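# Commentary on secondary and tertiary structure
Listed here are the chains, written in short residue letters.
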Amino acid sequence: MRLLRALGLILLFAAGFGAPAHADEGELRTIIAKFATSKNFRETEAVVRELAATGDPAVGRPLGALADGNLSFRKSDGQVFIVSEAGGALTLLDPLSGGRSGEAASREVTKVRVNNSLRRAVREAIGALTLNSPDAGVRLSAAETMFRSPDPEAIDALDAAIAVEAVANVKSRMEEARAAAVLASDLGDSEKLAALKTIERRGDRTALSLLAAVKGRADGVLKGAAARSAANVRETLSAWDAAQNVWFGISLGSVLLLAAIGLAITFGVMGVINMAHGEMVMLGAYTTFVVQNVIRASYPGLFDWSLAIALPLAFLVAGGVGLIIERGVIRFLYGRPLETLLATWGVSLILQQAVRTIFGPTNREVGNPSWMSGAFEIGQMSITWNRLWIVVFAFTVFAVLLYVFKFTAWGLHMRAVTQNRRMAASMGIRTPWVDALTFALGSGIAGIAGVALSQIDNVSPNLGQGYIIDSFMVVVFGGVGNLWGTFVGAMTLGVVNKFLEPYAGAVLGKIIVLVLIILFIQKRPRGLFALKGRSVEA
Amino acid sequence: MITQRLFVAGLTPRIQIVIALLVGAAVLVPVLNLAFPPSSPFHVPNYMVALVGKYLCYALLALALDLVWGYCGILSLGHGAFFALGGYAMGMYLMRQIGARGVYGNPDLPDFMVFLNWKELPWYWHGFDQFWFAAIMIMAVPGLLAFVFGWFAFRSRVTGVYLSIITQAMTYALLLAFFRNDMGFGGNNGLTDFKDILGFPVQASATRSALFAASALALAAGIALVAAIAGSKLGKLMVAVRDAESRTRFIGWRPENVKLFAFTVSAVMAGIAGALYVPQVGIINPGEFAPANSIEVVVWTAIGGRGTIVGPILGALLVNAGKSWFTGALPELWLFALGGLFVAVTLFLPKGIVGTYDQWRAVRRERRLAKADLPSGPAEAGDVRIVRASSATSPVPQGGPEPQPAE
Amino acid sequence: MTKNHTILYLDGVSVSFDGFKAINNLSLVLDKGEMRAIIGPNGAGKTTMMDIITGKTRPDEGEVFFDGTIDLTRHDEADIAMMGIGRKFQKPTVFESHTVEDNLLLSMKGPRSIFPALVHRGSIGEARRIDEILATVRLEARRADLAANLSHGQKQWLEIGMLLAQDPKLLLVDEPVAGMTDAETEETARLLREISKTRSVVVVEHDMHFVRELDVKVTCLHEGSVLSEGSLDFVSSDERVVEVYLGR
């Protein structure tokens with residue numbers, strides 16, 4: 001009966017949002033009322049056919065209830081209800097809307113009696129209603145439902161539907177449902193072998209479990225064929241799994257890239273480890289929160305634009321704080337990288353506590369604009385929009401930075417200072433300004449990373465802490481002085497992490513990655529893309 | 001003979017005083033706690049014994065860090081890991097001591113294992129029912145980890161900020177690992193509900209006083225050890241490695257071995273500190289591995305004065321006393337204060353309290369000397385002695401070379 | 001030519017950093033007991049050559065032999081220092097937070113492992129040796145001062161003193177007189193000549209006056225290989241050397 005109930009639900013869904021044929025509600029109720037007066041199974045079946053003939057999806061509910069044996073009528077007035085039993089008393093539900101319409105003791109109602117042939121009639125009626133629904137979406141979900149709960153008796157209905165189906169993907173779903181039904185039936189091996197092929201073409205996890213079930217109960221030729229098909233499907237699936245993992249890896253890599261790239265810039269140019277970098281990310285996320293709050297309160301229509309508004313603001317807020325930190329603390333500590341590390345750690349504690357004091361210690365809700373919600377599918381892969389946008393965003397930020405570094409005067413200055421600070425200074429580059437602006441830039445980028453991360457992570461005062469060690473790992477792994485090092489480092493770590501996860505679990509995977517990096521740094525103490533030659537050693 | 005020679009080397013009067021104070025406290029505090037009734041003005045309350053005992057463990061940890069950072073130039077951001085490992089080793093002993101008195105009454109398995117439906121004790125829990133075995137593990141586990149980690153890191157010449165970051169990664173990886181239930185260390189909750197240590201109830205005042213005395217004596221021994229190392233030729237070599245690593249290499253030393261020695265000794269000290277800490281606070285959980293904890297140890301050392309022996313102890317006591325006061329009186333402000341402390345110390349007090357005091361004294365003495373005997377040369381016999389004495393608390397050079405990205 | 005009688009033997013050595021050839025097919029032979037001056041414009045590969053000899057940089061190709069038989073490319077800095085090659089850096093590098101005496105103590109020939117250092121106790125022989133070296137480098141009066149407080153020239157001398165304490169067979173001395181007064185320069189030349197009586201020495205120097213004072217065979221490097229070799233007069237009259245220095 002699962003299939004029936006599922007199909008009934010599809011109908012209801014279609015009724016709720018529905019476009020398809022709507023009979024007059026009064027007319028439907030008149031027909032339904034006849035259940036109370038029918039004297040035998042034959043008459044009841046006639047009522048079922050009459051209901052089905054209306055073509056209205058709303059009949060799914062009473063029909064489903066009938067098949068389940070939940071349809072009753074009140075003795076006193078002959079009104080028909082769906083009955084659900086809870087704690088002795090019966091709750092009466094309206095047969096069409098499903099809303100509560102009262103209670104009754106069990107002796108006050110009479111059940112509409114059903115037998116197997118009646119159930120079959122109901123099933124055919126609902127199957128026909130859904131498979132022939134004018135709405136392609138309803139037909140598709142009906143076919144999908146029938147695939148999941150294959151029923152040999154639905155073959156005829158499916159054949160009829162396939163014959164008239166015009167939409168290609170609905171048709172192939174129906175064929176798969178038919179194949180599943182064939183495999184569950186007692187038809188001959190040749191039919192079943194063809195059905196196996198159809199299911200193998202489908203190639204997803206449900207197909208695999210179906211094939212496994214067939215393999216379990218079949219014997220002879222069929223068993224071998226099912227095993228082969230299952231193996232093929234498994235192969236396809238593992239390819240898709242790999243693709244999905246790569247995607248997750250790229251997605252994680254993009255997040256790491258966003259979080260780490262500002263760090264890599266400040267470390268590369270200034271030799272400064274900014275332990276407060278994570279807090280810059282957090283400031284960006286809170287900026288998004290504030291922007292969204294203002295928009296919700298004053299200009300609700302702009303909500304879809306909230307991230308676009310938050311981006312420049314987050315850049316300015318985090319960059320401004322960065323500039324203050326550089327001018328107020330770091331510039332007094334140049335040449336003492338370890339002390340800078342400690343001082344910026346102190347700054348990070350202060351920033352965290354400040355945010356905790358202002359916004360509270362709990363997570364803050366940052367909404368996804370509509371264009372960042374939901375997901376879509378490619379083959380067996382599911383891709384969520386917010387992840388996709390973050391990947392796009394990270395790549396864009398990276399490209400812009402590459403451009404700034406390669407083609408602007410400021411970028412040239414930064415590169416010069418990275419390679420040889422003293423020489424750059426003697427060439428007339430004002431290294432203190434380069435330092436200050438670089439630090440502000442690195443912090444600003446952390447800020448916009450915060451805007452992106454607010455979409456996929458909890459916005460709390462500890463947000464930054466979660467990313468800082470991973471960002472360090474990216475920088476250490478990728479090496480400094482080259483943006484590509486950070487890019488390759490972030491993507492490698494992201495993908496490796498996601499490939500380890502299925503085997504080792506998320507936490508153990510992360511531990512393994514950390515250990516691998518610790519080992520890697522033994523081989524390449526200055527990362528993948530290190531500067532070489534005498535200048536480094538000097 | 002050898003030990004005698006070792007111990008004379010670095011023991012300046014100041015260090016002798018501190019050791020004497022600690023030994024005195026180890027005797028006096030238990031007496032004041034146990035012999036006087038709570039109404040007496042001489043009574044030291046139980047909570048005070050526990051609190052100061054905890055601080056002394058922290059001081060030992062800070063001293064351990066100072067040995068690698070102050071003397072050898074290795075800024076370890078993962079010393080909390082060695083502390084926690086020593087603590088876990090002690091915690092495992094204490095768990096085994098609970099025996100059948102746990103909630104589930106299982107004589108072999110600690111409660112959390114029964115809760116997780118484990119049938120038998122994991123192999124690495126065997127032996128911890130014996131104190132001598134636990135005592136060896138308290139030193140061996142942190143020491144071995146430091147040795148292996150250092151062997152890889154120092155040999156491949158990972159230095160400076162890079163080294164700091166991978167030590168942080170090390171403690172972070174351990175944090176994640178110990179949070180896992182199937183590691184067999186009690187997961188999130190860690191090890192707690194201890195009953196006995198060496199047959200004495202951990203909660204009893206007498207046991208607490210004994211633990212306090214043990215902490216004070218361990219710290220005194222730690223000071224003597226660090227002073228001996230610092231005063232030896234090896235200690236001079238450590239400072240040389242800190243200031244000019246490649247120079248030591250070109251005169252035939254292997255700085256990686258020097259660092260490895262200091263790192264391993266330091267880790268063992270940290271492990272002992274952790275082991276003394278756990279029975280006094282009654283719990284050990286993965287939170288001790290948090291990178292933030294290790295960084296806090298760095299600030300204690302920095303405030304007191306790295307490269308000095310008394311400094312880190314002073315720093316640990318001051319900061320933790322401050323923390324206790326703040327979290328009682330103004331909990332909201334503690335992190336502001338701690339953060340401000342980090343910034344202020346690095347900016348205004350780079351040598352720390354003791355280092356700054358020593359510098360001030362040296363300047364004053366120089367002026368006095370210059371006034372007293374203007375005509376005589378600088379190679380006076382008295383001068384020699386003074387300079388040598390002050391070199392035991394080796395000054396950390398400030399400034400240094402310009403920023404180099406890769407260093 | 002056999003390498004058996006040489007103290008230092010480089011043949012066909014090349015090394016490059018990211019495509020830039022710092023040393024290009026360099027060959028150089030130093031006899032036992034010889035002092036050699038090496039000159040050459042900036043970037044000629046003088047320091048990189050020292051890096052190769054002392055094991056800091058591995059050559060991409062070529063042979064480097066010490067004392068005729070020891071292949072230096074197979075050893076690291078500490079090993080090489082222990083075999084008897086001492087090196088003074090271009091920028092004087094001493095242990096600034098130690099006294100002059102401790103600087104020498106740490107450099108003193110002897111076991112280089114951890115535990116002997118931990119239980120080390122000065123002997124009378126060692127004290128005498130330190131006295132001798134202090135006298136040689138004229139730092140007796142500064143014995144107990146921190147090395148950080150020495151003048152630039154004194155630091156250079158202390159570094160040479162540290163080399164002597166190592167008791168090496170071969171000294172590599174990189175620009176020993178940079179930043180010295182004329183008097184100090186002469187004094188250094190005298191010191192090096194003194195040292196070269198018992199040891200082999202390679203001196204890298206720009207100061208022609210100083211090189212002339214050393215009065216030894218000169219090798220001129222250019223773009224990572226030997227341009228000219230011979231007496232100073234011979235080398236400085238070599239057309240190519242003049243061209244390289246004056247950049248025609």
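Numbering of residues begins from 1 in every chain and follows the order in which that chain's sequence is written. In the order they appear in the text, chains get letters beginning with A and ligands get numbers beginning with 1. Reporting of local features is limited, given that this is a predicted model, to residues whose pLDDT is at least 70; pairs of side-chain atoms are given and counted only at 80 or more, and all residues count toward the totals for whole chains, interfaces and linings. In computing side-chain values, all of the structure's heavy atoms are included and hydrogens and water are not.

## Overview of the interface of chain C and chain B
Accessible area lost upon the coming together of the parts is a frequently used measure of interface size. Contact definition: two residues touch when any of their heavy atoms are within 4.5 Å. Contact residues are listed per partner, giving 39 residues for chain C and 33 residues for chain B. Counting each side, the surface lost to burial between chain C and chain B is near 3400 Å², with a carbon and sulfur contribution of 66%. One side-chain nitrogen of Lys or Arg within 4 Å of one carboxyl oxygen of Asp or Glu is enough to make a salt bridge. Joining chain C to chain B, the criterion identifies five salt bridges. We note a salt bridge from Lys236(B) to Asp102(C), for which the minimum N-O separation is 3.2 Å. Polar contacts here mean pairs of N or O atoms no more than 3.5 Å apart (in protein, one a potential hydrogen donor and the other a potential acceptor; neighbouring residues in sequence count only if both atoms are side-chain atoms). Seen at the junction of chain C and chain B, the total is 12 residue pairs in polar contact (both at pLDDT 80 or more). When two components associate, each loses some accessible surface as probed by a 1.4 Å sphere; the sum of these losses over both components is called the buried area.

## Considerations on the interface of chain B and chain A
The partner chain A presents 50 residues to the 49 residues of chain B that form the contact. Taking both sides of the interface into account, the surface hidden between chain B and chain A amounts to around 4600 Å²; carbon and sulfur atoms contribute 72%. For the interface between chain B and chain A, the tally reads one salt bridge. Its salt-bridge partner being Arg306(B), residue Glu339(A) comes within 2.8 Å of it at the nearest N-O pair. If you look at where chain B meets chain A, you find four residue pairs in polar contact (both at pLDDT 80 or more). Among the secondary structure elements, those contributing two or more residues to the side of chain B that touches chain A are α6 (131-155), α7 (160-179), α12 (291-304) and α14 (334-348) of chain B. A run of H or I in DSSP counts as a helix once it spans at least four residues, and a run of E counts as a strand once it spans at least two, with each numbered from the N terminus. Considering every element that reaches the side of chain B that touches chain A, the biggest residue donor is α7(B), with 13 residues. Ten residues, namely Ala, Val, Leu, Ile, Met, Phe, Trp, Tyr, Cys and Pro, are considered nonpolar, four, namely Asp, Glu, Lys and Arg, are considered charged, and the remaining ones, Gly among them, are considered polar. Residues of the side of chain B that touches chain A, tallied by class, amount to 32 nonpolar, 11 polar and six charged.

## Comments concerning the packing of aromatic side chains
Ring geometry is summarised as follows: Phe, Tyr and Trp rings, the Trp one being its six-membered ring, pair when their centres sit within 6.5 Å, and such pairs are stacked at plane angles under 30 degrees, edge-to-face over 60 and tilted between the two. Under the defined criterion, the tally for this structure stands at 38 aromatic pairs over all chains. Between Tyr403(A) and Phe407(A) the ring centres are 5.4 Å apart and the planes differ by 40 degrees, which places this aromatic pair in the tilted class. Linking Tyr403(A) with Phe407(A), this pair stays in helix α15 (residues 385-407), spanning four residues, or about one helical turn. Judged by relative accessible area, which is 49%, Tyr403(A) ranks as partly exposed. Arranged with centres 5.0 Å apart and planes meeting at 55 degrees, the rings of Phe83(B) and Tyr277(B) form a pair that is tilted. Residue Phe83(B) is located in helix α4 (residues 79-98), and its partner Tyr277(B) is located in helix α11 (residues 255-281); the two are separated by 194 residues in the primary sequence. Taken individually, Phe83(B) and Tyr277(B) each receive the classification buried, so the pair is uniform in this respect. Ring-pair connections join several aromatic residues into one group, and the members of that group are Tyr88(B), Phe112(B), Trp123(B), Tyr124(B), Trp125(B), Phe178(B), Phe185(B) and Phe289(B). Lysine and arginine charges are scored as sitting over a ring when NZ or CZ, respectively, is within 6 Å of the ring centre and within 35 degrees of the ring normal. Lying over the aromatic face of Phe147(A), Arg202(A) brings its terminal NZ or CZ to 4.0 Å of the ring centre. One Lys or Arg, Arg112(C), reaches over the ring of Trp253(B) and ends 4.6 Å from the middle of that ring. Any residue under 20% of the maximum accessible area for its type is buried, any over 50% is exposed, and the rest in between are partly exposed; the area is computed with a 1.4 Å probe on protein chains only.

## Here we look at the sheet that holds strand β2 (residues 20-31) of chain C
Residues and elements named next belong to chain C. When DSSP finds at least two bridges between two strands, those strands are taken to pair. Strand order in the open sheet made by the four strands is β2-β1-β4-β5, with antiparallel pairing throughout. Both edges of this open sheet fall to β2 and β5 (70-71), since each of them pairs with a single strand only. As paired strands, strand β1 (residues 6-17) and strand β4 (residues 61-66) are joined by five bridges and run antiparallel to one another. Along β4, the bridge assignment pairs Asp11 with Glu63. Strand contacts of helix α1 (residues 46-53): β1, β2 and β4, with the helix running at about 115 degrees to β1, the strand carrying the most contacts. To obtain an axis, a line is fitted to C-alpha atoms, over the contacting stretch when the element is a helix, and the angle between two such axes runs from 0 to 180 degrees between their N-to-C directions.

## With respect to a nonpolar patch on the surface
For patch detection, residues must exceed 30% relative accessible area and be free of salt bridges, and they are connected within 9 Å for like charges or within 5 Å for nonpolar side chains (Val, Leu, Ile, Met, Phe, Trp, Tyr). Methods summary: accessible areas were calculated by the Shrake-Rupley approach with a probe of 1.4 Å, and residue burial reflects only the protein chains presented. On the surface, Val496(A), Ile512(A), Val515(A), Leu516(A), Leu519(A), Leu144(B), Phe147(B), Val148(B), Trp151(B) and Phe152(B) cluster together to form a nonpolar patch covering roughly 810 Å² of accessible area. For the nonpolar patch, the secondary-structure elements that each account for two or more residues are α21 (506-523) of chain A together with α6 of chain B. Sorting elements by how many residues they give to the nonpolar patch places α6(B) first, with five residues. Within the element layout of this structure, Val148(B) appears in helix α6.

## Section: the sheet that holds strand β3 (residues 35-39) of chain C
All names here are of chain C. Taken in spatial order, the six strands of this open sheet run β6-β7-β8-β3-β9-β10, and their pairing is mixed. Here the strands that pair on one side only, and so sit at the sheet edges, are β6 (85-88) and β10 (225-230). Neighbouring strand axes in the sheet, compared pairwise and without regard to direction, differ in orientation by 20 degrees on average. Note: β3 against strand β9 (residues 217-222), four bridges, orientation parallel. From the neighbouring strand, Ile38 faces β9, where its bridge partner is Thr219. Packing of helix α6 (residues 152-166) onto the sheet brings it into contact with β6 and β7 (170-174), and relative to β6 it is tilted by some 175 degrees.

## Some thoughts on the pairing of strand β6 (residues 375-378) of chain A
When β6(A) meets strand β7 (residues 381-384) of chain A, the two strands line up antiparallel, connected through four bridges. Across the sheet, the residue bridging to Glu377(A) is Ser382(A), located in β7(A).

## Some details on the pattern of salt bridges
Within the structure shown, the criterion is met by 51 salt bridges over all chains. Put simply, Lys510(A) and Asp470(A) hold a salt bridge, and the shortest N to O gap is 3.4 Å. Residue Lys510(A) is found in helix α21, and its partner Asp470(A) is found in helix α19 (residues 463-478); the two are separated by 40 residues along the sequence. On the basis of relative accessible area, Lys510(A) is assigned to the partly exposed category, the value being 22%. Salt bridges here are not isolated pairs; linked through shared partners, they connect Glu245(B), Arg249(B), Arg254(B), Glu256(B), Lys259(B), Asp76(C) and Asp79(C).

## Observations regarding the packing of helix α6 (residues 136-148) of chain A against helix α8 (residues 168-184) of chain A
All names here are of chain A. The interhelical angle for the contact between α6 and α8, taken along N-to-C directions, is 20 degrees, at an axis separation of 8 Å. In terms of their interaxial angle, α6 and α8 are classed as roughly parallel. At the point where α6 passes α8, the crossing takes the left-handed sense. On α8, the residues touching Ala136, Arg139, Leu140, Ala143, Glu144, Met146 and Phe147 of α6 are Asn169, Val170, Arg173, Met174, Glu176, Ala177 and Ala180. The residue inventory of the contact of α6 with α8, partitioned by class, reads nine nonpolar, one polar and four charged. Orientation is classified from the angle alone, with under 35 degrees giving roughly parallel, over 145 giving roughly antiparallel, 65 to 115 giving roughly perpendicular, and any other angle giving oblique. It is the rotation of the near helix from the far one that decides the hand of a crossing: anticlockwise by less than a right angle makes it left-handed, clockwise makes it right-handed.

## Digging into the environment of Lys109(C)
All names here are of chain C. If you trace the backbone, Lys109 turns up in the loop between α3 (100-107) and α4 (114-118). Overall, Lys109 belongs to the exposed group, its relative accessible area being 56%. Considered as a pair, Lys109 and Asp167 are 58 residues apart in the sequence and their alpha carbons are 6.3 Å apart. Residues in contact with Lys109, not counting those within four places in the same chain, are Ala165, Gln166 and Asp167.

## Brief notes about the environment of Ala227(A)
Residue and element names in this part refer to chain A. Residue placement: Ala227 occurs in helix α11 (residues 221-270). On the basis of relative accessible area, Ala227 is assigned to the partly exposed category, the value being 31%. With 300 residues separating them in the primary sequence, Ala227 and Gly527 have C-alpha atoms 48 Å apart.

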